[in-house]
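Overview (structure and organization)
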Amino acid sequence: MLQEGAHGRWTVSSSDESTEENSDSEKPSTSSLLDAAHGRTSGPQYPCSEARKAAHKRKASPLKFSDQKVSTEKAPAEKQRITQEGLGWCLSSSDEEPEDQEKHAHKEALKEEKYDVPEEHPLNLCKDDELSENQKAEEYDEKPGEAQDTWDLLNGGNPFRFFLTKVRGIEQSYNSGALHIKDILSPLFGTLVSSAQFNYCIDVGWLVRQYPQEFRKKPLLIVHGEKRESKAELLAQARPYENISFCQAKLDIAFGTHHTKMMLLLYEEGLRVVIHTSNLIADDWHQKTQGIWLSPLYPRLPKGTTGSAGESETHFKSDLISYLMAYNSPALKEWTDLIQEHDLSETRYMLSCVILLKEHASLIPAQESWPLVGQFSSIGSLGADESKWLFSEFQQSLVATGNSVTGLHKCDVPVHLVYPTVNNVRESLEGYPAGGSLPYSIQTAQKQLWLHSYFHKWSAEVSGRSHAMPHIKTYMRPSSDFKKIAWFLVTSANLSKAAWGALERNGTQLMIRSYELGVLFLPSAFGLEKGYFHVKGKMLSESNDSATYFPVPYDLPPEKYGSKDQPWIWNIPYTNAPDTHGNMWVPS
């Protein structure tokens, strides 16, 4: 079907119909597995989303910007065209909800229409003194003094233990106080005995190389949600490594994903928990904005200790054990036993969930009109208007509290949603391929145009990361002047029903389809009786390192989309302006 708009002309194939009700539109692609089976290496050799596969292809074979218009084949006559005036999108009336697609799964898909684009450049071969894009993403060389800096981070003035990942290509001062995965797995953090890695997208070979040489043969458990061909490929990646075992998360509900990103690190000296937002692939640790919560080193309890010993006031230990037990896995039972043997009493943080916010995020009356900010990297199908989910179940989950005083109507609480624009992506360090980790599809977007009026641009001058596209997900309740926050949440959960849940059976049952995990920061846990944090100025500055000032990683207040701004949509082409590498974006 032929499309034309502000960003050029494109076709949307009938095979591109939305299949997602989930958080990321990151349904694992099996096409890369078929390529591998036939000796082709057009994409990454690990299960990934179609959006990420498109980004990988464009990095390997960039389409240089040309003033020549990208032409398309004429659309089939039977495909009707619906125009969204002024928004630059024209869409097929055949786009279906996932439930409708299941009913029509037996129908033969129409042959995919192809873009007529300039001849693709061959894969750039590296000179001896140059690195390919993939090699750059993996390369991480510790500079003199960085080891000491990392050690200082563990013992210095970061009361929240909230970090960003290091970003290649930004001013070095903004990487001071940031972490790479190799830092986290460094011997400085402890003498590793064994580890467990929970994640969505995993490159096993790359992951192994992030461990120091002396730890690469230590037992490693990988917790994933892959099935069928994707699972077979994941297991095949690990065949060279005898120390790796797997735990498959049960995903019995359609459109659910194992989206949790966590590390459990057992040392000779104790135990550490890491909850973060990065997939275990090179790109996610290279030029993106990602978040990390790094626990203290938890010491072993004296032998014979039983009951609730080692629990914190925030119930972090029991919540973590309950979460792991929900997998119903013998492999994770071993880890719950290990956690039980350690002292987690110094934890001033909470595992995040809707119930925790309702029970613990108590507000004083003046805070009940404070806005809600959500920042995420992907968006699910949210309904025909804001009343269907965003301003009902989602907003009420984050706004309602146990001691609600005035009971404000939900519409009295402003909602600000932060999601990158097309220009944010185009001007980013990665250029258009950064959009591979922002998998908002045209099929989903065209069904909820009302949502875009709540969108705000990505801007992170405060952390030097305005051009490092966000894969981090955060939610908070700032004051009306954005100088204070009532709470802050960093999590794996995107803006979707699958991640946050949707009420079913006349509102008596909350259906959460995906595994998600995050950390909730509450002022009360840090002894702040006034009920709020101040927002820190420069996130990585040494000033105001007390628990009074929270390091929000992007700029407040967020800037609303302008009249010409559009949200990044991954599966349409952008050919009217080049990105920072002089390239166009054609996702086919």
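Residues numbered from 1 in each chain as written. Predicted model: local features only at pLDDT ≥ 70, side-chain atom pairs only at ≥ 80, totals over all residues. Heavy atoms only, no water.

Going by the annotation in an unreviewed UniProt entry, the name recorded for the protein is Tyrosyl-DNA phosphodiesterase 1, with Piaya cayana given as the source organism. Under the Subunit (unreviewed entry) heading, UniProt states for the protein: "Monomer." Regarding the protein, the UniProt comment filed under Sequence similarities (unreviewed entry) reads as follows: "Belongs to the tyrosyl-DNA phosphodiesterase family." (UniProt positions renumbered as here; feature names shortened; annotations may be inferred.)

This next bit is on the environment of L449. In this fold, L449 is placed in the loop between α14 (442-445) and β18 (455-456). Take L449: its relative accessible area is 23%, and that puts it in the partly exposed class. Along the chain, L449 and D385 lie 64 residues apart, while their C-alpha atoms are 8.7 Å from each other. (Helix = DSSP H or I, 4+ residues; strand = E, 2+ residues; numbered from the N terminus. Buried < 20%, exposed > 50% of the residue type's maximum accessible area, 1.4 Å probe, protein only.)

Taken as a whole, this structure holds 30 aromatic pairs when the rule is applied. Ring plane angle 50 degrees and centroid distance 6.3 Å describe the contact between F488 and F521, whose orientation is recorded as tilted. With F488 in strand β20 (residues 484-491) and F521 in strand β23 (residues 518-521), the pair connects residues that are 33 residues apart, well separated along the chain. There is no split in this pair, since F488 and F521 are both buried. Counting every residue linked through ring pairs, the aromatic cluster contains F160, F162, F488, F521, F526, F533 and F550. (Phe/Tyr/Trp six-rings, centres within 6.5 Å; stacked < 30°, edge-to-face > 60°.)

It is worth spelling out the environment of I292 at this point. In this structure, I292 sits in strand β14 (residues 291-294). Using a relative accessible area of 0% as the deciding quantity, one classes I292 as buried. Distance in space between the C-alpha atoms of I292 and T491 is 9.3 Å, their sequence separation being 199 residues. The residues touching I292, leaving out its near neighbours within four places in the chain, are R161, F162, F163, L164, T165, L179, I184, V274, I275, H276 and W285. (Contact = heavy atoms within 4.5 Å.)

A word on the UniProt feature "active site" (unreviewed entry) in the protein. Per the UniProt annotation, the sites labelled "active site" (unreviewed entry) are H259 and H471. The greatest C-alpha distance among the residues just named is 12.5 Å, despite their covering 213 residues of sequence, which places them together in space. With respect to the helices and strands, the residue H259 is situated in the loop between β11 (244-248) and β12 (262-267). A relative accessible area of 0% means that H471 is categorised as buried.

Here the focus is the nonpolar core. Within the largest apolar cluster, 102 residues are counted, with the highest numbers of intra-cluster contacts made by M262, F521 and W568. For this core, the element with the most residues is β20, which contributes six residues. Shared between two domains, this core takes at least three residues from each, and those domains are domain 1 (152-347) and domain 2 (372-403 + 410-550). Not counting chain neighbours up to four residues away, the residues in contact with W568 comprise Y419, P420, T421, V422, V425, Y432, G435, L438, Y440, Y574 and W585. Ranked by size, the runner-up nonpolar core spans 28 residues in total, among them I181, I222, I292 and L294. (Core = buried A, V, L, I, M, F, W, Y, C linked by side-chain atoms within 4.5 Å. Domains from an automatic or database assignment.)

Throughout the structure, instances matching the rule amount to three cavities of 30 Å³ or more. If you add up the space inside the second largest cavity, you get close to 40 Å³. Every residue along the wall of the second largest cavity is listed here: V208, Y211, F215, R216, K218, L220 and N243. Here the lining of the second largest cavity is built from residues that sort into four nonpolar, one polar and two charged. (1 Å grid on protein atoms, 1.4 Å probe; cavity = no way out; pocket = protein on both sides within 12 Å on 5 of 7 lines; lining within 4 Å. Points joined across faces, edges and corners; volume = space filled by probe spheres on them. Nonpolar A, V, L, I, M, F, W, Y, C, P; charged D, E, K, R; others polar.)

Those residues of helix α10 (residues 330-340) not exposed but buried are L332, W335, T336, L338 and I339. Buried residues along α10 cover an arc of 160 degrees about the axis, so they all sit on one side. Exposed and oriented more than 90 degrees from the buried face of α10 are P330 and E334. In this structure S329 caps α10, since a side-chain oxygen of it lies 3.2 Å from the backbone nitrogen of A331. (Arc of directions from axis to C-beta. Polar contact = N/O pair within 3.5 Å; in protein donor to acceptor, adjacent residues only side chain to side chain.)

For the structure shown, the criterion picks out eleven salt bridges. Put simply, R300 and E341 hold a salt bridge, and the shortest N to O gap is 2.8 Å. Taken together, the residues R300 in the loop between β14 and α9 (316-325) and E341 in the loop between α10 and β15 (350-351) connect sequence positions 41 residues apart. A salt bridge links D565 to K457, with the nearest nitrogen and oxygen atoms 3.4 Å apart. Of this pair, D565 sits in the loop between β25 (549-550) and β26 (583-584) while K457 is found in the loop between β18 and β19 (473-478), placing the two residues 108 residues apart along the sequence. Each of K59, D283, K288 and E430 takes part in a single network of salt bridges with overlapping partners. (Salt bridge = Lys/Arg side-chain N within 4 Å of Asp/Glu carboxyl O.)

Moving on, we get to helix α12 (residues 390-399). Of all ten residues in α12, nine are buried, a share of seventy percent or more. Looking at α12, one finds that the buried residues are L390, F391, S392, E393, F394, Q395, S397, L398 and V399.

Looking now at the UniProt feature "site: Interaction with DNA" (unreviewed entry) in the protein. The sites that carry the UniProt feature "site: Interaction with DNA" (unreviewed entry) are, in the present numbering, S496. As for its placement among the helices and strands, S496 is situated in the loop between β20 and α15 (497-500). A relative accessible area of 0% means that S496 is categorised as buried.

Residues G518 and L520 point to one face of β23 and V519 and F521 to the other, with burial holding for every one of them. In the sheet, β15 pairs with β23 via two bridges, with the strands oriented antiparallel. Bridge pairing links M350 to L520 in β23. Bridge count between β20 and β23: four bridges; the pairing is antiparallel. (Pairing = 2+ DSSP bridges.)

Right, let's get into the sheet that holds strand β10 (residues 220-224). An order of β8-β14-β13-β12-β9-β10-β11 is seen for the seven strands of this open sheet, with the pairing classed as mixed. Two strands lie at the open edges of the sheet, namely β8 (162-164) and β11, each paired on one side alone. Each neighbouring strand pair of the sheet contributes to a mean axis angle of 20 degrees, computed without reference to strand direction. Direction of pairing for strand β13 (residues 271-276) relative to β14: antiparallel, over a ladder of three bridges. Paired with H276 across the two strands is I292, which belongs to β14. Sitting on the sheet, α9 is in contact with β9 (192-198), β12, β13 and β14, with an inclination near 110 degrees to β12. (Axes fitted to C-alpha atoms, helices over the stretch in contact; angles between N-to-C directions.)

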